[in-house]
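# Per-entry structural report
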Amino acid sequence: MSLNEVYLNGKFVRPEQAMVSVMDRGFLFGDGVYEVIPSYGGHFLGLEQHLDRLDRSLAAVRLPNPLSRREWRSVLARLIGPPPAPDQAAYLQVTRGAPAERDHLCPEDVDPTLFAVAKPIKPRRPEIGERGVACITRPDIRWERCDIKTVSLLAAVMLRREAEDAGALETIMVRDGMVTEGTASNVFVVLGDQVLTPPAGPRILTGITRGLALDLARAGEIRFSEQPIPVGDLARADEIWLSSSTREVLPVTRLDGRPVGGGRPGALWARLDGLYQAFKARVRDGRA
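Summary of the structure given here. Not measured: the values here are computed from a predicted model. (Residues numbered from 1 in each chain as written. Predicted model: local features only at pLDDT ≥ 70, side-chain atom pairs only at ≥ 80, totals over all residues. Heavy atoms only, no water.)

Take the pattern of salt bridges next. The tally for this structure, following the rule as stated, stands at 28 salt bridges. Here D31 ties to R25 by a salt bridge, and the two come within 2.8 Å at their closest N and O atoms. The same class applies to D31 as to R25, namely buried. R69 is paired through a salt bridge with D55; the nearest N and O atoms lie 2.9 Å apart. Taken together, the positions of R69 in helix α3 (residues 69-80) and D55 in helix α2 (residues 47-60) put the pair 14 residues apart, joining distant regions of the chain. A residue is classified by how much of its surface remains accessible, and R69, at 22% relative accessible area, is partly exposed. Residue classification places D55 among the partly exposed residues on the basis of a relative accessible area of 31%. Here the residues in one salt-bridge network are D140, R142, E144, R175, D176, E181 and R203, joined through shared partners. (Salt bridge = Lys/Arg side-chain N within 4 Å of Asp/Glu carboxyl O. Buried < 20%, exposed > 50% of the residue type's maximum accessible area, 1.4 Å probe, protein only. Helix = DSSP H or I, 4+ residues; strand = E, 2+ residues; numbered from the N terminus.)

Listed below in structure tokens is the structure:
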């Protein structure tokens, strides 16, 4: 394993040797898609589901997948190294490539640009499990195809900056009076003994960790429902959670400066997090 190399267009090179053309459409237009895949102890969590979603994103933007499933596995396995390896996240990106001229319509004969790299996953700070995190709410200013995991992330970048300016971790977005998702996460709302999360569709990216959390909730006999969530439910929520591939499932204990529920991580989050950590341990041991 080497944390000092990246994959670019069929070659493994040192980061400082990796060069992409200034005509690349990922650079000029944000014309590309990506995935972030966590690994623990040298074993990926949800690799096939992430590669399935990559296929869906590529199909949605009319880009053929440049590598086979076996080739992607090989590239990503080399980047994270064999077990036992540090906990890492593999980032992969495919853009439409670098034509000779800048034009909205790209010629059909341009080779895509493939890039992949691995970086360590930072362990969750203990105080997050004890005190939770803060979020703010803002209107969802993104486009209408949020189900595509595109590299065009300017709206999310702007909203994340607003969260940081407010001393918060994330922005929870709202469109037409309904909760959509966080800038880099899916959202769960607990009302009583039931966990709610917005349904799959073009307004959210259906996260792999979101799906795992629902599977674990089902196995742990935690009631849940995928349904539209009015923004008013945030104010009366007993708990709010965020999920993402590298942050796992986080408890939100302050929203727009006000406490969520009792202002501490809730009992249902603690149950779900225990199930998640046990599953992650099985992944690390190669048993899941």
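The next point concerns the packing of helix α6 (residues 208-219) against helix α8 (residues 267-284). Their axes nearest at 10 Å, the elements α6 and α8 cross at an angle of 110°. With respect to their mutual orientation, α6 and α8 come out roughly perpendicular. Every residue of α8 that contacts α6 at T209, L212, A213, L216 and A217 is listed here: L272, L275, Y276 and F279. Residues belonging to the contact of α6 with α8 are distributed by class as follows: 8 nonpolar, 1 polar and no charged. (Axes fitted to C-alpha atoms, helices over the stretch in contact; angles between N-to-C directions. Parallel < 35°, antiparallel > 145°, perpendicular 65-115°, else oblique. Contact = heavy atoms within 4.5 Å. Nonpolar A, V, L, I, M, F, W, Y, C, P; charged D, E, K, R; others polar.)

On to helix α5 (residues 154-165). Look at α5: 17 Å from first C-alpha to last across 12 residues, which is about the 16 Å you get at 1.5 Å a residue. All buried positions along α5 are accounted for by A155, A156, L159 and A163. For α5, the arc enclosing every buried residue in end-on projection is 95°, short of the 170-degree limit, so these residues lie on one face. Exposed positions of α5 whose direction lies more than 90 degrees from the buried face are L154, V157, E164 and D165. Contacts from the buried residues of α5 go to β7 (133-139) and β8 (170-175). Downstream of α5 by one or two residues, G167 has phi in the positive range, about 75°. (Expected span 1.5 Å × (residues − 1). Arc of directions from axis to C-beta.)

This part is about α2. Given a rise of 1.5 Å per residue, 14 residues ought to cover 20 Å, and the 20 Å separating the end C-alpha atoms of α2 matches this to within 8%. Restricting attention to buried positions, one finds in α2 the residues L47, H50, L51, R53, L54, S57 and L58. One side of α2 holds all its buried residues, which, seen down the axis, span an arc of 155°. Among the structural elements, β3 (32-40), β4 (43-44), α3, β5 (88-95) and α6 are those in contact with the buried residues of α2. One or two residues past the end of α2 sits R62, with phi positive at roughly 60°.

Here we come to the sheet that holds β5. Spatial ordering of the open sheet is given by β2-β1-β6-β5-β3-β4, a layout of 6 strands whose pairing is antiparallel. A single partner strand is all that each edge strand has here, and the edge strands are β2 (11-13) and β4. Helix-sheet contacts for α2 involve β3, β4 and β5, and the interaxial angle to β3 is about 180°. (Pairing = 2+ DSSP bridges.)

To continue, consider the packing of aromatic side chains. Enumeration over the complete set of coordinates arrives at 4 aromatic pairs. Centroid distance Y34 to Y91: 5.5 Å. Interplanar angle 25°. Geometry classified as stacked. A residue pair is termed long-range when its members are at least 10 positions apart, and Y34 in strand β3 and Y91 in strand β5 qualify at 57 residues. Judged by relative accessible area, which is 12%, Y34 ranks as buried. Linked through ring pairs, Y34, Y91 and F115 together constitute an aromatic cluster. Lying over the aromatic face of F12, R78 brings its terminal NZ or CZ to 4.0 Å of the ring centre. (Phe/Tyr/Trp six-rings, centres within 6.5 Å; stacked < 30°, edge-to-face > 60°. Lys NZ or Arg CZ within 6 Å of the ring centre and 35° of its normal.)

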